[in-house]
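# A look at the structure
The primary structure of each chain is shown beneath.
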Amino acid sequence: MSDAGARPKIETFRGDWAELEQMMQVSWSSNREQPMRYTQQFLRSAFDYPGSNIDLAPSIYSGETLKAFVGGFPRTARLWGRPVRLLLNSFLTASLEARKSGYGLILWRALLDRAEKAGYQGIINFCVQGDEMNEMMPAVARLFRLNTQQIYTVEYLSRFLRPAEARELLPASDLEIELFCELAAEIVDNVPLARTWTYAEAEWQCRNRCDAISASLKEGGHRGMLTGYAMEAGTPTTRVAMLEDLFWGDLDDSQRRALLKNFLDAAAARQCQVVSCPVLGYSSVETLTATGFRRSHRVLHTYLTLWNDQTPRQVSSIYVDVV
């Protein structure tokens, strides 16, 4: 950019994954919270989600150097009983030297514009409590005259894992993916905002995503399933298993404990040292707290923006991936 005061040109992400990983790590290292460490493999995998489109990744460059990035990911859901196409806003980052430039805000607005043009009905944002974007969100919504509401606060449960030898894990089977779809469908009617799944999306979630972890249990006519993924966080780096889908199905207490143990064993086999689970209200966490999970200090605020004269409102529970 030759002119320091000129409005930056918004481009589409060029696919320079290694540079994006590096920019995120450097920029987020100054955050108050322990930063998540998204590898280029993890980021590539996120865009392999069925229906994802690199056009929903507006970016800002200075010459060949990436200065800011945001990604939008399609999610089909039911909102208060009605089907809705939403975009999940994630990975919003400005390089360390550009953090005071307003680039993040410019890209956030650009993603909303692209989402609306592409036919989405709204967008979900998760903001870390205490971070700059969370403090700015209400003012930003007023500035752009958006129907934006903080609808839910996400807390986390976590626990340490005992070390285990690394071993190869079998990928989720076709039958497990079908079970996942069945169990997910059972919760939709009871949750105000709940994502729905195609088979291809469930296959990505359970089997194809980067470092997927899943565990299922069928016993005595009862069935349940837990899924998640492994990633890195913090400095020094800690290997974390994110427990994402809590599908207890119709398992009894002892069966729930057995299912959870299977998931924890799989996470330990992936060399995870900690397992963390967002509390979203759609599923009981009693089995987690009974087996050593405790509240962590990490808190996210969920913001929903809707257009077409729809107004978001607070909800008692949500079922959507938190990234």
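Structure first, text after, so check above.
Owing to the predicted nature of the structure, the values given are computational and were not obtained by experimental measurement. (Residues numbered from 1 in each chain as written. Predicted model: local features only at pLDDT ≥ 70, side-chain atom pairs only at ≥ 80, totals over all residues. Heavy atoms only, no water.)

## Overview of the pairing of strand β11 (residues 238-247)
In terms of burial, β11 is largely enclosed, as nine of its 10 residues are buried. Looking at chain direction, strand β10 (residues 222-233) and β11 are connected through nine bridges and run antiparallel. Note on β11: the bridge partner recorded for L226 is L246. Remark: four residues form the turn of the hairpin made by β10 and β11, two consecutive strands paired antiparallel; G234 in that turn has positive phi of roughly 80°. In terms of strand pairing, β11 meets strand β12 (residues 274-279) through three bridges, oriented parallel. Bridge assignment links A241 to a residue of β12, and that residue is V275. The parallel pair β11 and β12, bridged by helix α7 (residues 253-269), forms a crossover whose chirality is right-handed. (Buried < 20%, exposed > 50% of the residue type's maximum accessible area, 1.4 Å probe, protein only. Helix = DSSP H or I, 4+ residues; strand = E, 2+ residues; numbered from the N terminus. Pairing = 2+ DSSP bridges. Right-handed = clockwise from strand over helix to strand, strands pointing away.)

## Focus: helix α6 (residues 199-208)
Residues that lie three or four places apart on an α-helix share one face, since the helix turns once every 3.6 residues. Along α6, the residues that are buried comprise E201, A202, W204, Q205 and C206. Of the surrounding elements, those touching the buried residues of α6 are α2 (40-46), α5 (174-187), β9 (212-219), β10 and β11. (Contact = heavy atoms within 4.5 Å.)

## With respect to the environment of Y303
Relative to the helices and strands, Y303 is located in strand β13 (residues 294-306). You can call Y303 buried: its relative accessible area is 5%. Residues Y303 and P138 lie 165 residues apart in sequence; the distance between their C-alpha atoms is 9.5 Å. Ignoring anything within four residues of it in the chain, the contact list for Y303 reads I123, I124, N125, C127, N134, M137, T148, Q149 and Q150. Engagement of the side chain of Y303 in a polar contact is seen with the side chain of N134, the distance being 2.9 Å. (Polar contact = N/O pair within 3.5 Å; in protein donor to acceptor, adjacent residues only side chain to side chain.)

## Structural notes on α7
Between the first and last C-alpha of α7 there are 24 Å, a value that for 17 residues agrees with the 24 Å anticipated at 1.5 Å per step. Taken as a whole, α7 has its buried residues at Q255, R256, L259, L260, F263, L264, A266, A267, A268 and A269. Positive phi shows up at Q271, right after α7, with a value of about 70°. (Expected span 1.5 Å × (residues − 1).)

## A look at the pattern of salt bridges
A complete count under the given rule lists 15 salt bridges for this structure. Measuring nitrogen to oxygen at the nearest pair gives 3.2 Å for the salt bridge that ties R239 to D211. Linking R239 in strand β11 with D211 in the loop between α6 and β9, this pair joins segments that are 28 residues apart in sequence. For D265, the salt bridge is made with K261, and the minimal N-O distance between the two is 2.8 Å. Separated by four residues within a single helix, D265 and K261 lie in helix α7, roughly one turn from each other. One network of salt bridges, in which partners are shared, links E11, R14 and E64. (Salt bridge = Lys/Arg side-chain N within 4 Å of Asp/Glu carboxyl O.)

## With respect to the packing of aromatic side chains
Scanning the entire structure with this criterion turns up 16 aromatic pairs. Residues W17 and F47 carry aromatic rings whose centres are separated by 5.5 Å and whose planes lie at 55° to one another, so their mutual orientation is tilted. Linking W17 in helix α1 (residues 17-28) with F47 in the loop between α2 and β3 (58-62), this pair joins segments that are 30 residues apart in sequence. Measuring from ring centre to ring centre gives 4.8 Å for Y282 and Y319, while their planes differ by 55°; the resulting arrangement is tilted. (Phe/Tyr/Trp six-rings, centres within 6.5 Å; stacked < 30°, edge-to-face > 60°.)

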